[in-house]
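# Breakdown of the fold
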Amino acid sequence: MRLITDDKRLPRRRRRKAESSGMSPQNEREEAELRLSMAAANQQNRFIDPALAQEGLVDPTLMAESDPQAASFIEEELFPAVGFNPAGGQDASKYAWSAATVSDLASAFDPSFQGSSRHSDYIRRGFQGEGNYEADKISKRTDFKPGDILFQGRKDSAGNPLGPQSYRQFKKDAKGKGEFGEQEGYGSHSDIITGSGVDQSGRRYYDVQGGNVGDRLSVRRMYADELAKRYAGRLTQ
């Protein structure tokens with residue numbers, strides 16, 4: 001289902017493996033980040049075309065939701081995990097699966113995370129102080145971390161807002177105020193930071209993963225200034 005487009009294409013990638021320093025996790029945070037990294041790698045593997053992989057092309061962002069392999073993963077694993085079972089059956093090409101994708105990863109990081117088929121559900125909970133995640137306004141100086149859920153507003157094809165757009169509007173909505181405050185849910189999108197590292201120039205980067213971006217899995221490497229420009233806020237621990 002095409003809900004969000006991303007015109008920033010990734011270079012072709014090799015199969016991702018969970019990063020390891022060769023040492024066992026030393027604390028609960030490291031254990032959580034390792035679980036998240038492994039869950040992210042598992043998602044990517046489920047979107048890799050075996051035929052293309054045999055030819056040396058291993059890229060999880062190429063397989064569309066309509067591919068039987070991707071559709072099976074979305075409909076039989078991601079949707080059921082968040083209790084999404086609409087009348088007429090689960091259809092990856094008909095229903096948005098981005099929130100279920102993030103929920104799968106966030107639940108690996110924090111097993112107590114309450115996933116949902118709607119981004120708005122866990123965004124609101126973050127503002128309302130429910131669970132371990134809390135909402136935070138981001139900037140170029142934000143200390144981003146693996147496990148951070150990054151959220152943003154959405155608009156329809158005519159440019160009309162489908163939900164809150166700014167951090168202030170998201171915060172107001174969580175109090176039941178604003179244009180969408182009394183609605184059951186609203187249009188939005190979120191991704192999650194699955195890892196980080198330092199590039200050759202010494203700049204820290206963040207690996208960001210999400211779903212249903214151009215009908216595909218989204219895997220991007222971004223920097224703090226790019227995150228601050230793209231997203232309205234984050235849910236963090």
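Whatever comes next refers back to the structure up there.
We now turn to the structure provided with this report. Computed from a predicted structure; not experimentally measured. (Residues numbered from 1 in each chain as written. Predicted model: local features only at pLDDT ≥ 70, side-chain atom pairs only at ≥ 80, totals over all residues. Heavy atoms only, no water.)

### Brief notes about a positive patch on the surface
Selection criterion: The residues that make up patches have over 30% relative accessible area and no salt bridge, and they are joined within 9 Å when like-charged or within 5 Å when they are Val, Leu, Ile, Met, Phe, Trp or Tyr. With residues, only the protein chains shown are counted as cover, and all accessible areas are computed by Shrake-Rupley using a 1.4 Å probe. Salt bridge criterion: a side-chain nitrogen from Lys or Arg within 4 Å of a carboxyl oxygen from Asp or Glu. Charged residues are defined narrowly, with Lys and Arg counted positive, Asp and Glu counted negative, and His plus the chain ends left uncounted. In this description, the location of a charge corresponds to atom NZ of lysine, CZ of arginine, CG of aspartate or CD of glutamate. Only protein chains enter the accessibility calculation, which uses a 1.4 Å probe. A residue is then buried if its area is under 20% of the maximum for its type, exposed if over 50%, and partly exposed in between.
Side chains of Arg168, Lys171, Lys172, Lys175 and Lys177 sit close together on the surface and give a patch of like positive charge. On the accessibility criterion, Lys175 (59% relative accessible area) is exposed.

### Digging into the sheet that holds strand S4 (residues 204-213)
Just so we agree on the cut-off: Here, strands pair whenever DSSP counts at least two bridges between them. For helices the rule is a DSSP run of H or I covering at least 4 residues; for strands it is a run of E covering at least 2, with both sets numbered from the N terminus onward. Here the axes come from fitting lines to C-alpha atoms, over the contacting stretch only for helices, and the angles between their N-to-C directions go from 0 to 180 degrees. Here, two residues are considered to be in contact whenever any of their heavy atoms come within 4.5 Å of each other.
The strand order S1-S6-S2-S3-S4-S5 describes an open sheet built from six strands, whose pairing is antiparallel. Strand pairing shows two members of the sheet lacking a second neighbour, strand S1 (134-137) and strand S5 (216-223), which therefore form its edges. Taking each pair of neighbouring strands and ignoring which way they run, the sheet shows an average axis angle of 30 degrees. Strands S1, strand S2 (149-153), strand S3 (188-198) and strand S6 (233-236) of the sheet are contacted by helix H5 (residues 119-128), whose axis makes an angle of about 70 degrees with S3.

### Observations concerning the pattern of salt bridges
Under the defined criterion, the tally for this structure stands at 10 salt bridges. A salt bridge links Glu77 to Arg46; the shortest N-O distance between them is 2.6 Å. Taken together, the residues Glu77 in helix H3 (residues 68-81) and Arg46 in helix H1 (residues 28-46) connect sequence positions 31 residues apart. Given a relative accessible area of 36%, Glu77 falls into the partly exposed group. Two residues, Asp173 and Arg124, come together in a salt bridge whose shortest N-O distance is 2.7 Å. Of this pair, Asp173 sits in helix H6 (residues 167-174) while Arg124 sits in helix H5, and the two are 49 residues apart along the sequence. Looking at Asp173, the relative accessible area reads 3%, which means it is buried. Three or more residues joined by partner-sharing salt bridges are found here, namely Arg118, Asp121 and Glu184.

### Re the pairing of S4
For a regular strand, side-chain orientation follows a simple rule: the groups alternate between the two sheet faces. Of all the 10 residues making up S4, nine are buried; the element is thus mostly covered by neighbouring parts of the structure. Both S3 and S4 contribute to a ladder of six bridges, which runs antiparallel. Following the sheet pairing, Gly195 is matched in S4 by Asp207. Hairpin connection from S3 to S4: five residues lie between these consecutive antiparallel strands, with Gly202 at a positive phi of about 90 degrees. Between S4 and S5, which pair antiparallel and follow one another directly, the connecting turn spans two residues, one of which, Gly214, has a positive phi of 65 degrees.

### A look at unusual backbone geometry
Positive phi outside glycine occurs at Asn212, with the angle close to 60 degrees. By the element assignment, Asn212 lies in strand S4. The buried category is assigned to Asn212, whose relative accessible area is 1%. Phi at Asp215 is positive, roughly 70 degrees, even though this residue is not glycine. Owing to a relative accessible area of 14%, Asp215 belongs among the buried residues under this scheme.

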